[in-house]
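Residues per chain are reported as follows:
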2 protein chains.
Amino acid sequence: MITIKDIAKLAGVSYSTVSKALNDDPAIKPATKQKVLAVAEKHQYRKNMLARQLSTGRSNIIGFVLDELSNPLFSNISGRLHTELKKRGYQMILVVADDGVDVFSQLRVDGCILWDYALDNREMFWKKFATLNMPCFVLGTDEAPNSPYIKIDRKEGLFKAVEHLKSLGHSRIGFIGNSQHVKLEGYREALQRTGLAFNEDHVLPAHSSWEDGYFAIRNHAFGADSPTAFIGLNNLVTRGALRALLEAGYSVPRDISLIGYDDLPDMQYAEVALTTIGPSLDELAVQAAELIVSLIRDEQVDVPVVIQPKLNLRNSTAMCRQ
Amino acid sequence: MITIKDIAKLAGVSYSTVSKALNDDPAIKPATKQKVLAVAEKHQYRKNMLARQLSTGRSNIIGFVLDELSNPLFSNISGRLHTELKKRGYQMILVVADDGVDVFSQLRVDGCILWDYALDNREMFWKKFATLNMPCFVLGTDEAPNSPYIKIDRKEGLFKAVEHLKSLGHSRIGFIGNSQHVKLEGYREALQRTGLAFNEDHVLPAHSSWEDGYFAIRNHAFGADSPTAFIGLNNLVTRGALRALLEAGYSVPRDISLIGYDDLPDMQYAEVALTTIGPSLDELAVQAAELIVSLIRDEQVDVPVVIQPKLNLRNSTAMCRQ
DNA sequence: CTGAAAGCGCTTACAG
DNA sequence: CTGAAAGCGCTTACAG
C-alpha cells in the first residue's frame, strides 16, 4: 500500500505538505498542489481512511440499525436513506439489530439511526442506545425516552383510513394485526372519533408476516356481523389477508374493502391494487438524513420530528353494499 | 471516550499490559487480567477499533457490494450472508453498487464480495474490482476474468426446468426474459438437449421487474402455437407473469405451467405456489462466507466454486393437456 | 510475567 | 507558502 510518505518522496515535498494538498488546504501553492495530485494520481494513491479517522476522530460513516431485511419496507427505506446520506457526504453501513448497537460503539461511526419498527426487545435497545454517547436517534417510533426521534403519527394514519372507509358507508371496520400497540390504539381511537362502535371480534390476531395475515382471515368466522372492510397492520399482513379473502371467494373491493398500512411501491402489484396509508418513504429518508447530520454538527434541532401518514387511493376500497 | 491509558492508570498497570489483557494474551497473569477486565467493565471501556485496525492492518469487516436492494433476492442473500460472516467473526457492511468499490478501497475492509447479478456496467466493475488489491471475489456470476468467483450453474438449472416440463408432456416451452444472456443460452441448450425445437416467438422480452413479466404476458399474442409452459427469468418477472396469466383467464397450472427462477421463500406465496429452480440460498451464503475467509487467510482455494440450482416442486406445473 | 518504545498513516497547530 | 513534530488509540516485538 502506497502512503502519504511515498508520495512526499516522489513529489519532493514533505508529507505534511502532501496531506494538505490532498485536503485542499488553501495555504498550499497551486503549483505544488498540482504536482502532488499528479503524483498521487499516477500511483493510484488511496487515502487510508482509518488513519484519517483516528486522527480527526470522525469517520463520515453513519450506522443504520435494522430489525431485519426480510420485510420489503426495511430494504426500501435502507436504499432511500443510503441515497440521501450519500448526497450529504456520508457513507451508510447497515447492521442487523441483534448486534447493531455494539458494533457501532466499537466502530465509532459518526452517528447512528435505530429503526424502531417492531423490535422484540425494544427496552434493551433503547437502554443501550442511550449509552452510546454519539449522535443518534430513533426512527419511526411513537416516542423514545432519552433520545431524539422521528415520530410517525400512526394513530393519525389510522384515523384517515377509518374516516375514508366510513365515508364509503362502512360501519363495521376490522383490523388485522395485534402486535403493534400504537396502531391498535389508533384504530380504537379512530372508531371513537368517527362515532363507530369498537367490537373485540373485529380485531384479527396477526403478528407481522404474510402468513399471519393470510391465516388471520382464514381463521376468521365470517358471519352477518363481520366487518365489511379491513385495515391491515402492515404491507405483508395486508397482502396475505388479501390472498385469503380472494381464495375464500370474496371480491375485493366489491364484497369487502381493504386498506393496507405501508405505502410501498409494490402494494399496487397486489392482486387488487391496494389502497394504503403510510408515511411517504421519501420524506422519511430525507428527514432522517437531515436530522442525523444536524445532530452530528451539533446544530439546534426541533425534536421530535413528526411525519404524517397519507392516504393513497387505489382499487381496494369501495362503497359498502348494504 | 475512555482509553486504554485511562484503564491502565486506574488498574495500576502499564497500558501495554492492559492491551494484552484485553486481547487474552496468555503471558498475562490471570490475577492481573481479572483486575484489568474488572476496571474496563466498570468504566464501560470500548476498544477503539479504528486504532486497532490501523495498528494491525486488519478491520474484520467484509464489504458486500450490491446492485440494489429492491429485488427481494438481494436483501434475502444479504441477510443470510451477514449471519454466516458473523459466525466467522466478521462484520459485514453493505454498500450499493454505484460507489461500492470506491468505498472499500478507502475504508480498507479486509475483503469484499461483489454480487454480480445483472450489473449494468459489469465490465467497469470487474476492472475496478481487479485493481482493488485485497481479497475479493465475484458471487453468482457465470465467469469472471481476473477474480476468483462462485459460479451458479444457471444453464444446468434451466436444463432441469425444461426437463421437468418435458416429462410432464410439454413440448412448447416458453421463456420470459431476455436480459440475461446466460439464462437465455441455457434455455436454448436445454431445448436442444431434450430434443425440443427452439422457437423465437417463445422468448418473451422482459428485463427484470415485476412489470416486465406482467407486460410480457399481456403483450404476447396467444395462439394455437403458443407455449403450454413458461419459465420466468427471475422471481419478480415470474410473479408478474403469473398475475397476467391469471388475469387473462388462464388457469395455472391447468392451462399453462409456470416455473420461476430464484427459490425465494415467498415464491410459495404467489397466487399459485410456484415451482422454482435456483440455488439454495443457504448454500450460497455459506459458500460465500467460507470463500472470503479463506481468501483473507491466504489459504489454498479451489475456484471457481460451482453451485448447482435445484428444482423445487410446488403447484404451478402439471401435465400438459393435449 | 510486565513495561518502555516504536510504529500503524494520517491531521493540524505551530514555527519559520 | 512549507516543514518538523506531536498526537489520534491501539498492537507487538523486545528487553528485563
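All figures in this text were calculated on a predicted structure; none of them were measured in a lab. (Residues numbered from 1 in each chain as written. Chains lettered and ligands numbered in written order. Predicted model: local features only at pLDDT ≥ 70, side-chain atom pairs only at ≥ 80, totals over all residues. Heavy atoms only, no water.)

Chemist: So what's going on with the overall build of chain A? Residues and values would help.
Modeler: Helix and strand counts for chain A stand at 12 helices and 12 strands. Computed over its C-alpha atoms, the radius of gyration of chain A comes to 26 Å, more than 25% above the 20 Å expected for a compact globule of 322 residues. Of all 322 residues assigned to chain A, the portion counted as buried reaches 54%. For chain A, the exposed area adds up to about 14000 Å²; of that, 48% sits on carbon and sulfur atoms. Between the mean site of the 36 positive side-chain charges and the mean site of the 38 negative ones, chain A shows a separation of 9 Å. (Helix = DSSP H or I, 4+ residues; strand = E, 2+ residues; numbered from the N terminus. Rg over C-alpha atoms; globule rule 2.2 N^0.38 Å. Buried < 20%, exposed > 50% of the residue type's maximum accessible area, 1.4 Å probe, protein only. Areas by Shrake-Rupley, 256 points an atom, 1.4 Å probe, with all protein chains shown as cover. Lys, Arg positive; Asp, Glu negative; His and termini not counted. Charge placed at Lys NZ, Arg CZ, Asp CG, Glu CD.)

Chemist: Quick one: what's the story with unusual backbone geometry, residue by residue and with numbers?
Modeler: Going from valine 252 of chain A to proline 253 of chain A, the amide bond is cis rather than trans, its omega being 10°. In this chain, valine 303 of chain B is followed by proline 304 of chain B through a cis amide linkage whose omega measures -5°. Mapping proline 304 of chain B onto the fold places it in the loop between α12 (281-296) and β11 (305-307).

Chemist: I'd love a proper account of the sheet that holds strand β1 (residues 61-66) of chain B, names of residues and values included.
Modeler: All names here are of chain B. In spatial order, the strands read β2-β1-β3-β4-β5-β11; together these 6 strands make up an open sheet with parallel pairing. In this open sheet, the two strands that pair with only one neighbour each are β2 (91-96) and β11. With direction set aside, neighbouring strand axes in the sheet form an average angle of 20°. Of the strand pairs in this sheet, β1 and strand β3 (residues 111-115) are connected by 4 bridges, and their pairing is parallel. (Pairing = 2+ DSSP bridges. Axes fitted to C-alpha atoms, helices over the stretch in contact; angles between N-to-C directions.)

Chemist: I'd like a description of the protein's contact with DNA strand D, backed by residues and values.
Modeler: Among the 27 residues in the neighbourhood of DNA strand D, the closest are listed as Thr17, Lys20 and Thr32 of chain A together with Ser19 and Ser55 of chain B. When the atoms of DNA strand D within 4 Å of the protein are sorted by group, sugar and phosphate make up 62%. Sorting the residues of the surface near DNA strand D by element identifies α2 (15-22) and α4 (49-56) of chain A together with α2 (15-22) and α4 (49-56) of chain B as the ones contributing at least two each. (Near = heavy atom within 4 Å.)

Chemist: Tell me about the packing of helix α5 (residues 72-87) of chain B against α12 of chain B, and please be specific about residues and values.
Modeler: Residue and element names in this part refer to chain B. Axis separation between α5 and α12 bottoms out at 9 Å; the angle between their running directions is 50°. With respect to α12, the axis of α5 lies oblique. Judged by the twist between their axes, the crossing of α5 over α12 is right-handed. Here Leu73, Asn76, Ile77, Arg80, Leu81, Glu84 and Leu85 of α5 come into contact with α12, specifically with Leu281, Asp282, Leu284, Ala285, Val286, Ala288, Ala289 and Ile292. (Parallel < 35°, antiparallel > 145°, perpendicular 65-115°, else oblique. Left-handed = near helix turned anticlockwise from the far one by under 90°. Contact = heavy atoms within 4.5 Å.)

Chemist: Explain the protein's contact with DNA strand C to me, using residue names and the numbers behind them.
Modeler: With respect to spatial proximity, 27 residues lie near DNA strand C, and among them Ser19, Tyr45 and Ser55 of chain A together with Lys20 and Thr32 of chain B are the closest. A breakdown of the atoms of DNA strand C within 4 Å of the protein gives sugar and phosphate a share of 64%. Contact distances for DNA strand C include 3.4 Å between a base nitrogen and a side-chain N or O atom of lysine 20 of chain A. Threonine 17 of chain B is positioned such that a nitrogen or oxygen atom in its side chain is 2.7 Å from a phosphate oxygen of DNA strand C. (Polar contact = N/O pair within 3.5 Å; in protein donor to acceptor, adjacent residues only side chain to side chain.)

Chemist: Explain the pairing of strand β2 (residues 91-96) of chain A residue by residue, including any values.
Modeler: A regular strand places its side chains so that they alternate between the two faces of the sheet. All names here are of chain A. Burial of β2 is extensive: 6 of the 6 residues sit out of reach of the surface. Here β2 shows two buried faces, one formed by Gln91, Ile93 and Val95 and the other by Met92, Leu94 and Val96. Alignment of strand β1 (residues 61-66) against β2, held across 6 bridges, turns out to be parallel. Counted as the bridge partner of valine 65 is valine 95 from β2. The handedness of the β1 to β2 crossover, carried by helix α5 (residues 72-87), is right-handed. (Right-handed = clockwise from strand over helix to strand, strands pointing away.)

Chemist: Help me get a handle on the domain arrangement of chain A, residues and values and all.
Modeler: Accessible area lost on assembly of the parts is the figure often given for the size of an interface. All names here are of chain A. We note that the domain assignment places domain 1 (4-47), domain 2 (58-152 + 280-308) and domain 3 (154-279) within chain A. If you average the C-alpha positions of domain 2 and of domain 3, the two centres end up 29 Å apart. Facing 14 residues of domain 2, the contacting portion of domain 3 comprises 16 residues. Summing both sides of the interface, domain 2 and domain 3 together bury roughly 1300 Å²; the carbon and sulfur share of this comes to 54%. Joining domain 2 to domain 3, the criterion identifies 4 residue pairs in polar contact (both at pLDDT 80 or more). Element by element, the count of residues in the side of domain 2 that touches domain 3 is highest for α5, at 4 residues. For the side of domain 2 that touches domain 3, the class distribution of residues is 6 nonpolar, 6 polar and 2 charged. (Domains from an automatic or database assignment. Buried area = accessible area lost by both parts, 1.4 Å probe. Nonpolar A, V, L, I, M, F, W, Y, C, P; charged D, E, K, R; others polar.)

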